[in-house]
Amino acid sequence: MTNHEQREGHGHGQAHGHTHTHTHAHACGRRASGVEPDWDALAAYLEREGELHAPAFTQAAGWLRELRGGAAVGRVLDVGSGPGVVAGLLAETFPRADVVAVDRSAALLEHARTRSSGRVATQQADLPSDFGLLGAADLIWSSQTVHHLGDQQAALTALAGSLRPGGLLAVAERGLPLRFLPRDIGLGRPGLQARLDAAHEDAFSLMRAELPDTTAVVEDWPAMLAKAGLVPAGSRTFLAEWPAPLDPQVREHLHGHLVRRRDQLTGQLDAEDLATLDELLDPDAPAGVLARPDAFFLVAVTVHTARAGEAS
């Protein structure tokens, strides 16, 4: 899952690979340089990210079960699965279904297969060219993947085309940025996170502009799902919260997140904010994220759903 995210940077010069801190999107392509990231090396980071988001994903999976009602679910696709955290949750939620993790990275698919003890099948695919090879499904989940494809509307239409009659498409996109510190942290100017978010949005727009076949669209996801020929079934936001004081593993992941943010945004932040980030990243500093008592982890995952029409 992500979560995606994440891939470490929406920075200029990188395309729709899997290079962002919320990476749950691994089915879509390489960096603009053509160099494939070392997904095996990144797997532990991505898996931990997915596990930290798991409370939100678990709630979302339960909601999808409610939306399906009593309808049978025989096959489930997790498109852009990464190391398979969400695929495993979907397998638990729909125990009679064949659940398939879909990704372009063989290394991440191997992690998905291993962590599920073989309960989850895998399918390697390079999107958008392999959309037609996914096969039919009763439920398709895709988290933080569509925004890595130049034509987002075409991607949704292709996913809709893989739904069986009455099938459900669930797309998790954007949500709200990760929150992890108070506004005033006693270092530098207050409001560091707001400036990080703004710089990341600019980098995200640059990433989108560099994608092959990039197409501008108003990101009204229910309207886009309707344009794909589906009937919107609702949007909901789910929270994953790890309150202060954080456990060491969560602190380590947050530290890794900030390392990636600093690398991504070095050219977009002023000297004072970069110095503040360096202080936060110092493993020996009392005010660093590895030690400070006020660090927390709060993320919101927004899921948009729509149904295929019933067979006539």
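As a convention, each chain's residues are numbered from 1 in the sequence order in which they are written. Totals for whole chains, interfaces and linings use all residues, but because this is a predicted model, local features are given only for residues with pLDDT of at least 70 and pairs of side-chain atoms are given and counted only at 80 or more. Computation of side-chain values: all heavy atoms of the structure, hydrogens and water removed.

## What to know about unusual backbone geometry
Operational definition: The helix count covers DSSP runs of H or I at least four residues long, the strand count covers runs of E at least two residues long, and both are numbered beginning at the N terminus. Exposure categories follow from relative accessible area, calculated using a 1.4 Å probe and restricted to protein chains: below 20% of the type maximum is buried, above 50% is exposed, and the middle band is partly exposed.
Here the bond from Leu127 into Pro128 is cis, since omega is 15°, no more than 30 degrees from zero. Mapped onto the fold, Pro128 is located in the loop between β3 (121-124) and β4 (137-143). For the bond from Ala244 to Pro245, the omega torsion is -5°, close enough to zero to count as cis. Relative to the assigned elements, Pro245 resides in the loop between β7 (231-242) and α7 (248-265). Positive phi values are uncommon outside glycine, yet Arg174 reaches one of about 60°. Along the chain, Arg174 turns up in the loop between β5 (163-172) and β6 (176-179). Accessibility expressed as a relative area gives 28% for Arg174, which makes it partly exposed.

## Some thoughts on the nonpolar core
Applicable threshold: Joining through side-chain atoms within 4.5 Å is the link that ties buried Ala, Val, Leu, Ile, Met, Phe, Trp, Tyr and Cys residues into a set, and such a set is a nonpolar core. Throughout, a contact is declared for two residues whenever any of their heavy atoms are within 4.5 Å.
If you look at the biggest cluster of nonpolar residues, it comprises 56 residues, and the most contacted ones within it are Leu64, Leu90, Val99, Leu139, Trp141, Leu280 and Val303. Top element by residues in this core is helix α1 (residues 39-68). It accounts for 9 residues. Those residues within four positions of Leu139 in sequence are excluded, and the remaining contacts are Leu64, Val73, Arg75, Val76, Leu77, Leu90, Phe94 and Leu168. Core analysis: the second largest hydrophobic core is formed by 26 residues, Phe131, Ala155, Leu159 and Leu225 among them.

## Let's talk about the pairing of strand β1 (residues 75-79)
Definition in use: Consider the strands pointing away from the viewer: the crossover is right-handed when the path from the first strand over the helix to the second runs clockwise. Note: two strands are recorded as paired if DSSP finds a minimum of 2 bridges between them.
Among the 5 residues of β1, 5 are classified as buried, and the element is accordingly described as predominantly covered. Of the two faces of β1, the one carrying Arg75, Leu77 and Val79 and the one carrying Val76 and Asp78 are both buried. Since β1 and strand β2 (residues 98-103) lie parallel, the crossover through helix α2 (residues 85-93) that links them has a hand, and here it is right-handed. Both β1 and β4 contribute to a ladder of 3 bridges, which runs parallel. Residue Val76 lies in a different strand from β4, and its bridge partner there is Leu139.

## Here we look at the packing of aromatic side chains
Rule in force here: Ring geometry is summarised as follows: Phe, Tyr and Trp rings, the Trp one being its six-membered ring, pair when their centres sit within 6.5 Å, and such pairs are stacked at plane angles under 30 degrees, edge-to-face over 60 and tilted between the two. Two conditions define a charge located above a ring, namely a distance within 6 Å from the ring centre to NZ of Lys or CZ of Arg, and an angle within 35 degrees of the ring normal.
Tallying each qualifying case throughout the model produces 2 aromatic pairs. Ring centres of Phe57 and Trp141 lie 5.8 Å apart, and the angle between their planes is 85°; on these two criteria the pair is classed as edge-to-face. Taken together, the positions of Phe57 in helix α1 and Trp141 in strand β4 put the pair 84 residues apart, joining distant regions of the chain. Note on Phe57: relative accessible area 2%, which makes it buried. The exposure class assigned to Trp141 is buried, which follows from its relative accessible area of 1%. Taking the centre distance of 5.9 Å and the plane angle of 50° together, the rings of Trp63 and Phe238 count as tilted. Residue Trp63 is found in helix α1, and its partner Phe238 is found in strand β7; the two are separated by 175 residues along the sequence. There is no split in this pair, since Trp63 and Phe238 are both buried. Geometry around Phe204 places Arg174 over its ring, the cationic atom sitting 4.4 Å from the centre.

## Some remarks on the packing of helix α5 (residues 192-209) against α7
Put simply, the rule reads: Inter-axis angles, ranging from 0 to 180 degrees, are taken between N-to-C directions of lines fitted to C-alpha atoms, where helices are fitted over the stretch in contact. Each angle gets one of four labels, with under 35 degrees taken as roughly parallel, over 145 as roughly antiparallel, 65 to 115 as roughly perpendicular, and the rest as oblique. Should the near helix be turned anticlockwise from the far one by less than a right angle, the crossing is left-handed, and should it be turned clockwise, the crossing is right-handed. Residues are grouped as follows: Ala, Val, Leu, Ile, Met, Phe, Trp, Tyr, Cys and Pro are nonpolar; Asp, Glu, Lys and Arg are charged; every other residue, Gly included, is polar.
Packing of α5 against α7 brings their axes to within 10 Å, and their N-to-C directions diverge by 60°. With respect to their mutual orientation, α5 and α7 come out oblique. Seen from above, α5 lies across α7 with left-handed handedness. Between α5 and α7, the residues in contact are Leu196, Ala199, His200 and Ala203 and Arg261, Gln264 and Leu265, respectively. In the contact of α5 with α7, the residues fall into 4 nonpolar, 2 polar and 1 charged.

Keep in mind that these numbers describe shape and distance, not what the molecule does.
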